[in-house]
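Observations on the model geometry
Single-letter residue listing:
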Amino acid sequence: MASNEIDDCIIVGAGPAGLTAAIYLARYYLRIRLFDCGTSRASWIPTSHNHAGFPDGINGNDLLERMREQAAKYGALREPKRVTHLALDEDGTFRVCCGDEEFRSRTVLLATGVVNNRPEGIDDQLHDQAVARGLIRYCPVCDGYEVTDKRVGVIGTGARGTAEAQFVRTYTVDITLIAPEGEHVLAQEDVAALEDAGIRRIAGPCGGYALENGQIAFDTVEGRMAFDSIYPALGSVIRSGLAEKAGAKLSKDGCILTDDHLETTVPGLFAAGDVVKGLDQISHAMGQAGVAATAIRNTLARQKPLRR
């Protein structure tokens, strides 16, 4: 089923980047459509304490709801659908598919983000409960302050695990780096850095996750261990598949390549947020969205003057 209407911009993704872009574009009096499949990582945040303007912190879902209300106030159309295909047609418009539904737009902004890799063997309900209580954390840049002087486990190995453990060492001396499976795979410089920081190392595997006495506990080769918080340093899956389908170039790690105005290598296709650079920072995603939205407005204005 196809729509005969052509939007000025379709935004794919309704996290902080997508919603910021929707607010900007709606206030530019553009016809926009925002697709929201409901999987923004911001919804996981129990309380963000480093988002400017909220000195007492704000819950991730509350922040998203405020942004949704603000976008709707200016006329942004939000639809709870998952985009399954994106293509640039010969007439220069984009074809955006949600299953058997088809939409068309003059420009597209991808704000699809990334998905964190979770520890293996932890069920969804337990995972979500632990995240809500701050027992599992994914962003030490965001919330390392909250683990000050607490007992912290980092699940990972190699350069990634070492870097994460060293970052958390800023906040606490009690850190253990646990390999997700088997022995650690560490370069000599990683071993030296961990030893210099006093970070304990334990081989994997990890399993038997449970919430016990206000902590998160699991089995290791050295017995059952419990922590006030754990950081999985297991990388993430970058949601850049739609961009690739449309012909946009990706970086070696799978992020979408853009110019300074957040336009991809496909004219009219823009991207913002963690799918461009996985910095995991709301402020960065929102800033990119403002730049991208303004570039989209100017691109459309060059095609046809935007006048009241």
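Now for a look at the structure at hand. (Residues numbered from 1 in each chain as written. Predicted model: local features only at pLDDT ≥ 70, side-chain atom pairs only at ≥ 80, totals over all residues. Heavy atoms only, no water.)

Digging into the packing of helix α5 (residues 158-168) against helix α6 (residues 188-197)
- Contact pair α5 / α6: the axes reach a minimum separation of 10 Å and the direction vectors enclose 20°. Considered as vectors, α5 and α6 are oriented roughly parallel to each other. The way α5 lies across α6 gives a crossing that is left-handed. Across the interface between the two elements, G158, A159, T162, A165 and Q166 of α5 pack against D190, A193 and L194 of α6.
- Across the contact of α5 with α6, the residue classes tally to four nonpolar, three polar and one charged. (Axes fitted to C-alpha atoms, helices over the stretch in contact; angles between N-to-C directions. Helix = DSSP H or I, 4+ residues; strand = E, 2+ residues; numbered from the N terminus. Parallel < 35°, antiparallel > 145°, perpendicular 65-115°, else oblique. Left-handed = near helix turned anticlockwise from the far one by under 90°. Contact = heavy atoms within 4.5 Å. Nonpolar A, V, L, I, M, F, W, Y, C, P; charged D, E, K, R; others polar.)

Section: the nonpolar core
- Ranked by size, the top nonpolar core spans 54 residues in total, and within it I11, I32, L86, V108, L109, L110 and L269 carry the most contacts.
- Residue contributions to this core peak at eight residues, all from helix α8 (residues 282-303).
- The residues contacting L86, other than those within four sequence positions of it, are F94, R95, V96, V108, L110, L242, K245, A246 and L269. (Core = buried A, V, L, I, M, F, W, Y, C linked by side-chain atoms within 4.5 Å. Buried < 20%, exposed > 50% of the residue type's maximum accessible area, 1.4 Å probe, protein only.)

Here we look at unusual backbone geometry
- Residue G204 is joined to P205 through a cis peptide bond whose omega torsion reads 10°.
- Following the sequence through the fold, P205 ends up in the loop between β10 (200-202) and β11 (207-212).
- One non-glycine residue, N213, adopts positive backbone phi at about 55°.
- Within the secondary structure, N213 is located in the loop between β11 and β12 (215-220).
- For L262, which is not glycine, the phi torsion reads 70° and is therefore positive.
- Along the chain, L262 falls in the loop between α7 (241-245) and β16 (269-271).

Comments concerning helix α2 (residues 60-73)
- Here α2 spans 20 Å end to end across 14 residues, near enough to the 20 Å set by a 1.5 Å rise per residue.
- If you check which residues of α2 are buried, you get G60, L63, L64, M67, R68 and A71. Projected down its long axis, α2 shows its buried positions confined to an angular sector of 135°, all on one face. Away from its buried face, by an angle of more than 90 degrees, α2 presents the exposed residues R66 and K73.
- Lining the buried residues of α2 we find α1 (16-27), β3 (77-79) and α8.
- Where α2 starts, the residue carrying a side-chain oxygen 2.9 Å from the main-chain nitrogen of N61 turns out to be N59. (Expected span 1.5 Å × (residues − 1). Arc of directions from axis to C-beta. Polar contact = N/O pair within 3.5 Å; in protein donor to acceptor, adjacent residues only side chain to side chain.)

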